[in-house]
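# Notes for the structure review
One letter stands for each residue in the lines below.
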Amino acid sequence: MPELQPAYPAEKVANRLLELAARDGRLLTHMQLQKLVYFAHGLSLGLHGRRLIANNFHAWPHGPVAPQLYTRLEGYGAAPIDRPLSDPLPDVLLDEDAAEVIERTYAAYGHMDGWELRAISHLPGSPWAAVDEQEKFGPIPDALTERYYREQLRVANTLPHMD
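Here the structure is a predicted model, which is why all the values come from computation and not from measurement. (Residues numbered from 1 in each chain as written. Predicted model: local features only at pLDDT ≥ 70, side-chain atom pairs only at ≥ 80, totals over all residues. Heavy atoms only, no water.)

There is about 360 Å³ of room inside the largest pocket. Leu-43, Tyr-109, Tyr-149, Gln-152 and Leu-153 are the residues nearest the centre of the largest pocket, which is lined by 20 residues in total. Here the residues of the lining of the largest pocket sort into 14 nonpolar, five polar and one charged. Of the volumes computed, that of the second largest pocket is approximately 310 Å³. As for the second largest pocket, its lining consists of 18 residues, and the residues nearest its centre are Lys-12, Asn-15, Arg-16, Leu-18 and Glu-19. Sorting the residues of the lining of the second largest pocket by element identifies α1 (10-23) and α4 (96-109) as the ones contributing at least two each. Considering only residue class, the lining of the second largest pocket consists of nine nonpolar, one polar and eight charged. (1 Å grid on protein atoms, 1.4 Å probe; cavity = no way out; pocket = protein on both sides within 12 Å on 5 of 7 lines; lining within 4 Å. Points joined across faces, edges and corners; volume = space filled by probe spheres on them. Nonpolar A, V, L, I, M, F, W, Y, C, P; charged D, E, K, R; others polar. Helix = DSSP H or I, 4+ residues; strand = E, 2+ residues; numbered from the N terminus.)

Take a look at the structure:
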């Protein structure tokens, strides 16, 4: 089993999502990828209390964005991403928990377009909505994301209530 990595570069998680989409004969857009990476990060925090992504997320107008990932993808505009991103840690493998979280995220949301994913990220009470209300482009704290995802999982009856 791969050594437990504290958190991964967003590019590594994005590449795994791109692989999963390619397996299904699909390509993902920048907007889809940003939201899927954030949702996987939130699920990891909610399930394991562990950051999946080493990068920070911010409340941008179209939802949560990892600015470093944005810089890597902005040249695509709205076009599909047709090749893997440069991986800052090519020799580091995803551990079992990280791989499972990414696969679960893709299974739940990978079929949705960028605007559907944006709508989910903008739901009232979401971490994006809470931060955007206070500070446009502000950082989304992991503690806020973790509380939100734990509650979502609890409501879905997949995690017992934890205070």
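Picking up after the structure, the text goes on.
A few words now on the packing of aromatic side chains. Geometry of an aromatic ring pair is reported as the spacing of the ring centres plus the angle between the planes. Summed over all chains, the structure comprises seven aromatic pairs. Here Phe-39 and Tyr-109 contribute two aromatic rings whose centre-to-centre distance is 4.9 Å and whose plane-to-plane angle is 55°, an arrangement assigned as tilted. With Phe-39 in helix α2 (residues 30-48) and Tyr-109 in helix α4, the pair connects residues that are 70 residues apart, well separated along the chain. For Phe-39, a relative accessible area of 2% corresponds to the buried category. Ring-pair connections join several aromatic residues into one group, and the members of that group are Tyr-38, Phe-39, Phe-57, Tyr-109, Tyr-148 and Tyr-149. (Phe/Tyr/Trp six-rings, centres within 6.5 Å; stacked < 30°, edge-to-face > 60°. Buried < 20%, exposed > 50% of the residue type's maximum accessible area, 1.4 Å probe, protein only.)

Another point: the UniProt feature "domain: Antitoxin SocA-like Panacea" (unreviewed entry) in the protein. Following the UniProt record, the feature "domain: Antitoxin SocA-like Panacea" (unreviewed entry) maps to residues 33-128 here. Annotation note: span residues 33-128, helix share 49%, strand share 8%, distance between end C-alpha atoms 16 Å. (UniProt positions renumbered as here; feature names shortened; annotations may be inferred.)

The interhelical angle for the contact between α2 and α4, taken along N-to-C directions, is 125°, at an axis separation of 9 Å. The angle between α2 and α4 falls in the class oblique. Where α2 crosses over α4, the two elements pack in a sense that is right-handed. The segment α2 lies against α4, with Leu-36, Phe-39, Ala-40, Leu-43, Ser-44, Leu-47 and His-48 engaging Asp-97, Val-101, Arg-104, Thr-105 and Tyr-109. (Axes fitted to C-alpha atoms, helices over the stretch in contact; angles between N-to-C directions. Parallel < 35°, antiparallel > 145°, perpendicular 65-115°, else oblique. Left-handed = near helix turned anticlockwise from the far one by under 90°. Contact = heavy atoms within 4.5 Å.)

Right, let's get into unusual backbone geometry. A positive phi is found at Phe-137, a non-glycine position, where the angle reads about 70°. Note that Phe-137 resides in the loop between α6 (127-134) and α7 (142-155).

Here α7 contains 14 residues, and its C-alpha end-to-end distance of 20 Å stays within 8% of the 20 Å for a straight helix at 1.5 Å per residue. By the burial criterion, the buried members of α7 are Thr-145, Tyr-148, Tyr-149, Arg-150 and Leu-153. Looking at the buried residues of α7, the elements they touch are α2 and α6. Phi turns positive one or two residues past the end of α7, at Asn-157, with a value near 60°. (Expected span 1.5 Å × (residues − 1).)

As enumerated under the stated definition, the model contains twelve salt bridges in all. For Glu-146, the salt bridge identified is with Arg-150, shortest N-O distance 3.2 Å. Taken as a pair, Glu-146 and Arg-150 lie in helix α7 at a separation of four residues, close to a single helical turn. Taking relative accessible area as the criterion, Glu-146 reaches 22% and is therefore assigned partly exposed. Three or more residues are tied together by salt bridges with common partners; here these are Arg-16, Glu-19 and Glu-103. (Salt bridge = Lys/Arg side-chain N within 4 Å of Asp/Glu carboxyl O.)

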